[in-house]
Amino acid sequence: MNIMINRIEKTFEKLKADGDKALVSFITAGDPNMEKSEQILCDLPKYGVDIIEVGIPFSDPMADGPTIQKSSNRAISAGSNLSKTLKIINKFRRVNSKTPIVLMGYFNPIFQFGLEKFFNSCKKIGVDGIIVVDLPPEENELINVYTKRYGVHNIRLITPTTDKKRLRKILKFTSGFLYYVSITGITGTKKPSVLEVKKAVSRIKANTNLPVVVGFGIDNYKQAAALNKISDGCVIGSAIIKIIESYKEYSKSKISKKIEDFLIKFSKDNK
Amino acid sequence: MKKNKNINYKIFPDKNGRFGKFGGRFVAETLMPLLLKVEEEYKKAKNSKKFKSKLKYYFESYIGRPSPLYLAERLSSKLNGAKLYLKRDELNHTGAHKINNCVGQILLAMQMGKQRIVAETGAGQHGLATATVCALFNLNCVIYMGEVDIKRQAPNVFKMKLLGAQIQPVKSGRATLKDAMNEALRDWVSNVKDTFYVIGTAAGPHPYPMMVRDFQSVIGDEAKKQILKYEKRLPNYLVACIGGGSNALGLFYSFLNDYDVKILGVEAGGEGVNSKKHAASLAKGKPGFLHGNYTYLLQDPNGQINDAHSISAGLDYPGIGPEHSWLKEIGRVKYVSATDKEALSAFKLCSKLEGIIPALEPSHALAYLIKNSKKFSKKDIIIMNMCGRGDKDIFAISDKLGVKV
Ligand SMILES: Cc1ncc(COP(=O)(O)O)c(C=O)c1O
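Note that the structure is predicted; figures quoted are calculated from it, not measured.

J.: How would you summarise the packing of aromatic side chains if you had to cite specific residues and measurements?
T.: Aromatic ring pairs are described here by two measures, namely the spacing of the ring centres and the angle between the planes. The tally for this structure, following the rule as stated, stands at 30 aromatic pairs over all chains. Measuring from ring centre to ring centre gives 5.5 Å for Phe111(A) and Tyr294(B), while their planes differ by 80°; the resulting arrangement is edge-to-face. Here Phe111(A), found in helix H5 (residues 107-113), pairs with Tyr294(B), found in strand S12 (residues 292-297), and the two come from separate chains. Of the residues examined, Tyr294(B) reaches a relative accessible area of 10% and is grouped as buried. Centroid distance Phe12(B) to Trp326(B): 4.9 Å. Interplanar angle 80°. Geometry classified as edge-to-face. In this pair, Phe12(B) is assigned in the segment before strand S1 (18-19) and Trp326(B) in helix H13 (residues 322-330), connecting sequence segments 314 residues apart. Each of the two residues, Phe12(B) as well as Trp326(B), counts as buried. One aromatic cluster is present, formed by Phe107(A), Phe111(A), Phe22(B), Phe26(B), Phe289(B), Tyr294(B) and Tyr296(B) through successive ring pairs. Cation over ring: Arg88(B) sits above Tyr70(B), and NZ or CZ is 5.6 Å from the ring centre.

Written out as structure tokens, the structure reads:
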């Protein structure tokens with residue numbers, strides 16, 4: 001495990017001190033276009049979001065449901081790509097130096113960008129962690145030296161199919177926090193069973209001190225509050241993307257307002 | 001073509017599923033435990049007498065193996081006198097090589113206690129073969145197929161439904177093979193407990209490229225015995241078309257260490273490899289990650305996967321099995337291409353001269369030979385994989401030729 005202190009540790013420490021849980025949100029960089037996406041990104045912390053996952057658009061998002069697939073396509077059509085993703089994060093950092101940013105995506109766009117260049121940019125711009133969906137611990141060697149060299153957290157997914165032996169293997173290569181995938185499936189499709197998730201998260205927590213956040217299929221604050229009794233936070237992904245999809249033609253401030261209306265409930269109940 | 005007599009070309013994949021630097025396992029965590037399980041069960045099956053004898057039984061009694069090796073004399077006369085042998089896997093039950101792999105994988109799925117089978121299909125041949133074997137063994141069968149392919153391969157869609165399979169039309173992307181594979185993978189991620197994903201070509205995450213190759217290598221094993229019987233010597237050339245690369249590897253694998261046999265893989269050149277519309281991932285692609293493995297892909301500079309194009313639905317794929325990427329880099333196999341137009345002419349020629357209506361896919365392999373007939377001589381023996389029959393293509397082709405069927 002890496003010993004790194006960046007915004008992610010600081011955020012969880014502060015949440016813990018305040019008796020709070022993390023509200024993590026996901027958006028795709030460049031959805032519905034670069035300008036609106038940048039605005040949404042900059043506004044999210046104002047709506048109580050503690051950690052932002054920024055999706056790198058990819059043509060073939062194998063682990064994503066229709067909502068995030070369409071989001072990725074909208075972003076690509078709007079000209080988004082990895083270097084533009086880094087650009088809007090760079091702009092975000094000019095107005096926000098505290099909120100952790102985690103880049104989430106598939107390996108091919110990162111690999112084609114160049115691994116050294118990518119991780120170096122992450123460090124320079126202020127990306128705190130990455131989640132590479134299709135890079136299991138078995139293939140971790142490909143990025144291991146870079147995450148260490150540039151101090152970027154390698155955040156990994158744990159799923160209902162992960163057994164004890166794999167859990168140990170995954171923990172070996174994870175830092176920052178763990179992301180528990182609450183369903184056996186793709187994003188935004190099934191609803192998690194609170195009972196099952198609680199069992200799984202306590203099992204994980206028995207093996208690590210890293211914070212565990214839960215995601216996939218969480219779209220209301222009651223569910224989040226129930227899960228937060230055991231987890232250290234919840235990820236709201238497809239639910240926010242759906243708002244962006246519905247109001248994509250609206251002005252950037254109006255889309256942002258719609259997201260605020262939705263997220264404010266989470267903050268109230270969580271905090 | 002380089003000759004390196006010190007290399008054993010048959011040692012890969014390594015324990016990490018790599019062919020040189022290609023291959024591997026690039027999938028979401030949800031699938032990893034299952035992939036490891038498939039690998040473990042496959043290893044068991046490979047060494048099990050019972051599994052092998054079952055496989056042999058269905059190969060012979062259900063598929064109709066061995067398939068003949070036929071000397072196509074009239075086509076040979078178009079190849080500067082070289083002797084062209086056709087390995088007639090188009091005579092297999094369901095009309096293509098695909099069923100060799102389906103029987104193998106589905107026997108494995110049953111050994112693992114899986115009751116539900118999903119598969120992707122382009123030309124519909126793999127879907128048809130999967131649906132057929134599922135009917136045989138009374139398993140639930142869901143086939144993902146791009147909407148574009150559903151249109152151009154209507155006869156196979158009808159057959160799959162007759163066999164009791166559920167067809168899931170795929171609208172995303174360009175609605176062809178790549179997109180069908182995405183959807184099949186998503187289905188698998190969502191139903192790992194009871195479902196087995198039967199991948200139709202030598203691609204995907206480890207152990208699939210190895211497994212599919214092994215099940216298909218019966219083609220080359222037979223061809224080798226047959227040619228030694230007929231000609232008392234090995235061929236000078238092997239040739240096969242390449243979609244994901246399963247029929248090609250099936251033929252090539254037995255001969256990889258026969259260093260004097262020259263091997264040609266023919267990619268789909270579409271409207272020309274210098275146009276934007278082709279499926280020649282080895283000729284024009286760059287290594288990258290898609291569908292669980294590291295291999296040559298048609299992609300843009302940002303790493304977005306490009307759409308492929310081919311008149312043949314079975315070759316319309318922007319990637320290729322990782323073993324081919326390795327065989328290309330190491331120089332054991334020479335990869336070339338034939339265009340839509342050339343394939344269509346070869347399709348007509350083969351029908352007229354041999355009374356064999358080929359599928360559009362192997363028509364590409366034949367087209368390359370015809371186009372380069374001058375390179376061959378009387379002394380040459382060529383084995384071409386006639387990996388599918390053209391029944392599925394006649395409606396699409398008659399459309400192209402402006403004939404109403
Ligand atoms: C007859 C036939 N040949 C070839 C192919 C291409 O696949 P592969 O390259 O795996 O043999 C297909 C695919 O559907 C096919 O139906």
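J.: Tell me about the sheet that holds strand S11 (residues 286-290) of chain B, and please be specific about residues and values.
T.: All names here are of chain B. Taken together, 4 strands build an open sheet; the order of strands is S1-S2-S12-S11 and the sheet is antiparallel. Looking at the sheet topology across the chains shown, the edges are occupied by S1 and S11. Bridge count between strand S2 (residues 22-26) and S12: 2 bridges; the pairing is antiparallel. Bridged to glycine 23 within S12 is tyrosine 294.

J.: Can you tell me about the site of the ligand, naming the residues and giving the values?
T.: Residues and elements named next belong to chain B. What surrounds the ligand is a group of 18 residues, the closest being Thr201, Gly243, Gly245, Ser246 and Asn247. Within the side chain of threonine 201, a nitrogen or oxygen atom sits 2.5 Å from an oxygen atom of the ligand. Burial of the ligand by the protein amounts to 98% of the accessible area it has alone, namely 390 Å². The class makeup of the residues in the shell around the ligand is 6 nonpolar, 10 polar and 2 charged.

J.: Mind laying out the packing of helix H3 (residues 66-77) of chain A against helix H11 (residues 238-246) of chain A, listing which residues take part and the relevant values?
T.: All names here are of chain A. Across the interface, H3 lies against H11 with an axial gap of 9 Å and an inter-helix angle of 50°. In this view, H3 runs oblique relative to H11, as classed from their interaxial angle. Our pair here, H3 against H11, has a crossing hand that is left-handed. In this structure, H3 contributes Thr67, Ile68, Lys70, Ser71 and Arg74 to the contact, and H11 contributes Ser238, Ile241, Lys242 and Glu245.

J.: Give me the lowdown on the interface of chain B and chain A, citing residues and values where you can.
T.: Listed per partner, the contact involves 33 residues of chain B and 34 residues of chain A. Regarding the contact of chain B and chain A, the summed buried area is about 2,800 Å², with carbon and sulfur atoms giving 53% of it. For the chain B face of the interface with chain A, the top three residues by lost area are Glu29(B), Arg186(B) and Phe289(B), together amounting to 25%. Measuring nitrogen to oxygen at the nearest pair gives 2.8 Å for the salt bridge that ties Lys178(B) to Asp60(A). In this assembly, chain B and chain A are joined by 19 residue pairs in polar contact (both at pLDDT 80 or more). Taken together, the elements giving at least two residues each to the side of chain B that touches chain A come down to S2, helix H1 (32-46), helix H8 (177-190) and S11 of chain B. Take the side of chain B that touches chain A: its biggest share by element is 7 residues, from H8(B).

J.: I'd like a description of the environment of Phe289(B), backed by residues and values.
T.: Residues and elements named next belong to chain B. Mapped onto the fold, phenylalanine 289 is located in strand S11. Judged by its relative accessible area of 2%, phenylalanine 289 is buried. Once the C-alpha coordinates of phenylalanine 289 and valine 403 are considered, the two residues, 114 residues apart in sequence, prove to be 42 Å apart.

J.: Any chance you could break down the sheet that holds strand S8 (residues 195-197) of chain B for me, citing the residues and the numbers?
T.: Residue and element names in this part refer to chain B. As summarised here, the arrangement of the 4 strands in space is S7-S6-S5-S8, forming an open sheet in which the pairing is parallel. Looking at which strands have only one partner, the edges of the open sheet turn out to be strand S7 (166-170) and S8. Between one strand and the next, the sheet's axes are offset by a mean angle of 25°, whatever the strand orientation. The pairing of strand S5 (residues 116-121) with strand S6 (residues 140-146) spans 6 bridges and is parallel. Its bridge partner lying in S6, isoleucine 117 is registered against cysteine 141.

J.: Which residues make up the environment of Lys190(A), and what are the values?
T.: Counting through the fold element by element, Lys190(A) comes out in the loop between strand S7 (178-181) and helix H9 (194-205). The class of Lys190(A) is partly exposed, set by a relative accessible area of 34%. Once the C-alpha coordinates of Lys190(A) and Gly65(A) are considered, the two residues, 125 residues apart in sequence, prove to be 9.9 Å apart. If we ignore the near neighbours within four places in the chain, the residues touching Lys190(A) are Ile183(A), Thr184(A), Gly217(A) and Ser190(B).

J.: I'd like a description of the domain arrangement of chain B, backed by residues and values.
T.: Residues and elements named next belong to chain B. The assigned domain composition of chain B is domain 1 (26-60 + 97-212) and domain 2 (67-95 + 216-401). A C-alpha centroid distance of 22 Å is found between domain 1 and domain 2. Listed by partner, the interface residues are 34 residues for domain 1 and 40 residues for domain 2. It is His97, Arg152 and Lys178 in domain 1 that bury the most area against domain 2; as a group they hold 24% of the surface buried on that side. Applying the counting rule to domain 1 against domain 2 returns 2 salt bridges.

J.: Outline the environment of Ile320(B), listing residues and values.
T.: Residues and elements named next belong to chain B. Topologically, isoleucine 320 is positioned in the loop between S12 and H13. Taking the C-alpha atoms as reference points, isoleucine 320 and leucine 297, 23 residues apart in sequence, are found 7.1 Å from one another. If sequence neighbours within four positions are ignored, isoleucine 320 has contacts with Ile242, Gly243, Gly244, Glu267, Ser281, Leu282, Asn293, Thr295, Tyr296 and Ser325.

J.: A description of the pairing of strand S2 (residues 51-55) of chain A should follow, citing residues and the corresponding values.
T.: Residue and element names in this part refer to chain A. With 5 of 5 residues buried, S2 is to be regarded as a mostly interior element. With burial as the criterion, each face of S2 is covered, one bearing Ile51, Glu53 and Gly55 and the other bearing Ile52 and Val54. With 5 bridges joining them, strand S1 (residues 22-28) and S2 adopt parallel strand pairing. Pairing of threonine 28 across the sheet is with glycine 55, part of S2. Crossover connection from S1 via helix H2 (residues 34-43) to parallel S2: handedness right-handed. Judged from the 4 bridges that link them, S2 and strand S3 (residues 101-105) form a sheet pairing that is parallel. If you follow valine 54 over to S3, its bridge partner there is leucine 103.

J.: Can you tell me about helix H4 (residues 82-95) of chain A, naming the residues and giving the values?
T.: Residues and elements named next belong to chain A. With 14 residues, H4 should reach 20 Å at 1.5 Å per residue; the first-to-last C-alpha distance of 21 Å fits that figure. If you check which residues of H4 are buried, you get Leu82, Thr85, Leu86, Ile88, Ile89, Phe92 and Arg93. The buried residues of H4 occupy one face: seen down the axis, they fall within an arc of 165°. Opposite the buried face of H4, by more than 90 degrees, sit the exposed residues Lys87, Arg94 and Val95. Packing partners of the buried residues in H4 comprise helix H1 (7-18), H2, S2, S3, H5 and helix H6 (115-125).

Cut-offs and rules
Residues numbered from 1 in each chain as written. Chains lettered and ligands numbered in written order. Predicted model: local features only at pLDDT ≥ 70, side-chain atom pairs only at ≥ 80, totals over all residues. Heavy atoms only, no water. Phe/Tyr/Trp six-rings, centres within 6.5 Å; stacked < 30°, edge-to-face > 60°. Helix = DSSP H or I, 4+ residues; strand = E, 2+ residues; numbered from the N terminus. Buried < 20%, exposed > 50% of the residue type's maximum accessible area, 1.4 Å probe, protein only. Lys NZ or Arg CZ within 6 Å of the ring centre and 35° of its normal. Pairing = 2+ DSSP bridges. Near = heavy atom within 4 Å. Polar contact = N/O pair within 3.5 Å; in protein donor to acceptor, adjacent residues only side chain to side chain. Areas by Shrake-Rupley, 256 points an atom, 1.4 Å probe, with all protein chains shown as cover. Nonpolar A, V, L, I, M, F, W, Y, C, P; charged D, E, K, R; others polar. Axes fitted to C-alpha atoms, helices over the stretch in contact; angles between N-to-C directions. Parallel < 35°, antiparallel > 145°, perpendicular 65-115°, else oblique. Left-handed = near helix turned anticlockwise from the far one by under 90°. Contact = heavy atoms within 4.5 Å. Buried area = accessible area lost by both parts, 1.4 Å probe. Salt bridge = Lys/Arg side-chain N within 4 Å of Asp/Glu carboxyl O. Domains from an automatic or database assignment. Right-handed = clockwise from strand over helix to strand, strands pointing away. Expected span 1.5 Å × (residues − 1). Arc of directions from axis to C-beta.

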